[in-house]
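Here is how the chains run, residue by residue.
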Amino acid sequence: MKKVIYNQFGDESILELVEQTVPEINKDQLLIRVKAVSINPLDWKVYGGEMKLMSGSKFPKSVGIDFSGIVEQAGSAATRFKTGDAVIGLLDVFKGGALADYIVVKETDIAAKPTNISFEQAAALPVTGLSALQIVDQLAAISPGQDVLINGATGGVGVFAVQIAKKRGATVTAVVSTKGVAEAAKWGADTVIDYTKQPISSLPNQYDAVIDLSTKLSFADAKRLLKPKAFFVSTLPSPLTLVYSFVNNLFSGKKMKILILKPTVEGFRKLVELAENGLQIVLDKTYSISNVRQGYQESRRGKSIGKSVIVLN
Ligand SMILES: NC(=O)c1ccc[n+]([C@@H]2O[C@H](COP(=O)([O-])OP(=O)(O)OC[C@H]3O[C@@H](n4cnc5c(N)ncnc54)[C@H](OP(=O)(O)O)[C@@H]3O)[C@@H](O)[C@H]2O)c1
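These numbers were taken from a predicted model, which means no experiment stands behind them.

Conventions used here
- Residues numbered from 1 in each chain as written.
- Predicted model: local features only at pLDDT ≥ 70, side-chain atom pairs only at ≥ 80, totals over all residues.
- Heavy atoms only, no water.
- Pairing = 2+ DSSP bridges.
- Helix = DSSP H or I, 4+ residues; strand = E, 2+ residues; numbered from the N terminus.
- Buried < 20%, exposed > 50% of the residue type's maximum accessible area, 1.4 Å probe, protein only.
- Lys, Arg positive; Asp, Glu negative; His and termini not counted.
- Salt bridge = Lys/Arg side-chain N within 4 Å of Asp/Glu carboxyl O.
- Polar contact = N/O pair within 3.5 Å; in protein donor to acceptor, adjacent residues only side chain to side chain.
- Contact = heavy atoms within 4.5 Å.
- Domains from an automatic or database assignment.
- Buried area = accessible area lost by both parts, 1.4 Å probe.
- Nonpolar A, V, L, I, M, F, W, Y, C, P; charged D, E, K, R; others polar.
- Phe/Tyr/Trp six-rings, centres within 6.5 Å; stacked < 30°, edge-to-face > 60°.
- Lys NZ or Arg CZ within 6 Å of the ring centre and 35° of its normal.
- Core = buried A, V, L, I, M, F, W, Y, C linked by side-chain atoms within 4.5 Å.

Asker: What's the story with the sheet that holds strand S4 (residues 61–62) in this structure? I'm lost.
Answerer: Spatially, the 3 strands line up as an open sheet ordered S2-S1-S4, and their pairing is antiparallel. Looking along the sheet, the strands with just one partner apiece sit at the ends: strand S2 (16–19) and S4.

In structure tokens, the structure reads:
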């Protein structure tokens, strides 16, 4: 079977497509025939060596976090899934390994694929959908009537965060680049700001939550946009920001929350339910596994809307 691996940190040129034998499963594991794998900024941050502290530096390493596929074989102790089931799933964010024809998973790594969407759309759900749910429901704890600003609203997480925040009854301001203005309005944003024309620093309003998905907005700059008791959500965990936010949150009404994605069975249940009830999944581009380097290069350049996926045979 084919698998994408790398033997050193670097840019996309380090990614290699190799032939390996199909892995074997233990009795509590499942073998999945992978149909599609989504591209996440986390992928190139990990193989670029930006997250060595979490990923470790032992090679070879593999790529690809979230996927859709079909159960090829179920271990004798697996009770929730059987051969032939269509599933979505998510592997360890820092170890990856989904970019392969076959992968081995535990039952808690997967959920039944929503029946109404394609395998390509389904692969685009787990990382960004679960992140959006965690941000909206837990970190920002958004409730009806609140004002929410989402900075970077046309990216993978942003598309879902806008829709979920609207479902929770918030008034949503989406900050996007020019080509996303009409799109963000389609997903339900009440106000759309083009950051190339109106810098976020010039906005006159204050919000109950400011969610930064661009990694360009600091807490110091966001404070001006926050009501006296409000949340700023960052997606960039680091030892320094975790300590800083802990101390800040003891004393300030303006809280800083940092996303560290924690997939749960309940999160998967909520996500599948949202998808089956019309959550819009926006696909930008699809690539074959032999074009994997191009896929990640284009993701790193940005300016796509929604998610791109790699399709396997
Ligand atoms: N900590 C965790 O557990 C965790 C989990 C999931 C994701 N993440 C992180 O969360 C972030 C968002 O993920 P994603 O998948 O949504 O990434 P993405 O698809 O790359 O989206 C990023 C968005 O930011 C926008 N952007 C870029 N510059 C901007 C600026 N100056 N002002 C406003 N918006 C700007 C981009 O729009 P344009 O390209 O149109 O400018 C794009 O829509 C990534 O950094 C990812 O690594 C962290």
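Asker: It is not clear to me how the side chain of Glu107 should be interpreted in this structure. Could you clarify?
Answerer: Relative to the elements of secondary structure, Glu107 occurs in the loop between strand S7 (102–106) and strand S8 (110–112). Buried Glu107, no salt bridge; nearest opposite-charge side chain is Arg80, N-O distance 5.3 Å. Among the polar contacts made by the side chain of Glu107, one reaches the main-chain amide nitrogen of Phe81 at a distance of 3.2 Å. Excluding its chain neighbours within four sequence positions, the residues that come into contact with Glu107 are Leu30, Ala77, Ala78, Thr79, Arg80 and Phe81.

Asker: What's the story with the domain arrangement of the protein chain in this structure? I'm lost.
Answerer: In many reports, interface size means the accessible area that the parts give up when they come together. Along its sequence, the protein chain is carved into domain 1 (2–124 + 282–311) and domain 2 (128–258). The straight-line distance from the C-alpha centre of domain 1 to that of domain 2 is 28 Å. With 12 residues of domain 1 in contact, the opposing surface of domain 2 contributes 16 residues. For the pair domain 1 and domain 2, the summed buried area comes to about 950 Å², and 61% of that belongs to carbon and sulfur atoms. For the interface between domain 1 and domain 2, the tally reads 4 residue pairs in polar contact (both at pLDDT 80 or more). The residue makeup of the side of domain 1 that touches domain 2, split by class, is 5 nonpolar, 3 polar and 4 charged.

Asker: Can you help me understand the packing of aromatic side chains in this one?
Answerer: A full pass over the atoms with the stated rule returns 7 aromatic pairs. Here Phe9 and Phe59 contribute two aromatic rings whose centre-to-centre distance is 5.0 Å and whose plane-to-plane angle is 70°, an arrangement assigned as edge-to-face. Within this pair, whereas Phe9 is found in the loop between strand S1 (2–6) and S2, its partner Phe59 is found in the loop between helix H2 (52–55) and S4, the two being separated by 50 residues in sequence. For Phe9, a relative accessible area of 19% gives the class buried. Overall, the relative accessible area of 29% leaves Phe59 in the partly exposed class. Centroid distance Phe219 to Tyr244: 6.2 Å. Interplanar angle 75°. Geometry classified as edge-to-face. With Phe219 in helix H7 (residues 219–222) and Tyr244 in helix H8 (residues 239–251), this residue pair connects regions lying 25 residues apart in the sequence. Here Phe219 falls in the buried class, since its relative accessible area comes to 6%. Its end group placed over the ring of Phe59, Lys61 keeps NZ or CZ at 5.7 Å from the ring centre.

Asker: Explain the pairing of strand S13 (residues 226–234) here, please?
Answerer: Two faces belong to every sheet, and in a regular strand the side chains alternate between them. Pairing geometry for strand S12 (residues 207–212) and S13, over 5 bridges, is parallel. Across the sheet, Val210 pairs through a bridge with Phe232, a residue of S13. Where S13 meets strand S14 (residues 254–258), 5 bridges bridge the pair, whose relative direction is parallel. Along S14, the bridge assignment pairs Phe231 with Lys255.

Asker: For this particular structure, what's the right way to read the nonpolar core?
Answerer: Core analysis: the biggest nonpolar cluster contains 53 residues, and Leu125, Ile135, Ile142, Ile150, Phe160, Ile164 and Ile211 have the highest contact counts within it. At the level of secondary structure, the elements contributing two or more residues to this core comprise strand S6 (86–90), helix H3 (119–123), helix H4 (126–139), strand S9 (147–151), helix H5 (156–167), strand S10 (171–176), S12 and helix H9 (265–276). Inspection of this core shows a minimum of three residues originating in each of domain 1 (2–124 + 282–311) and domain 2 (128–258). If near-sequence neighbours (up to four positions away) are discounted, Ile211 is found in contact with Ile135, Ile142, Val148, Leu149, Ile150, Asn151 and Val233.

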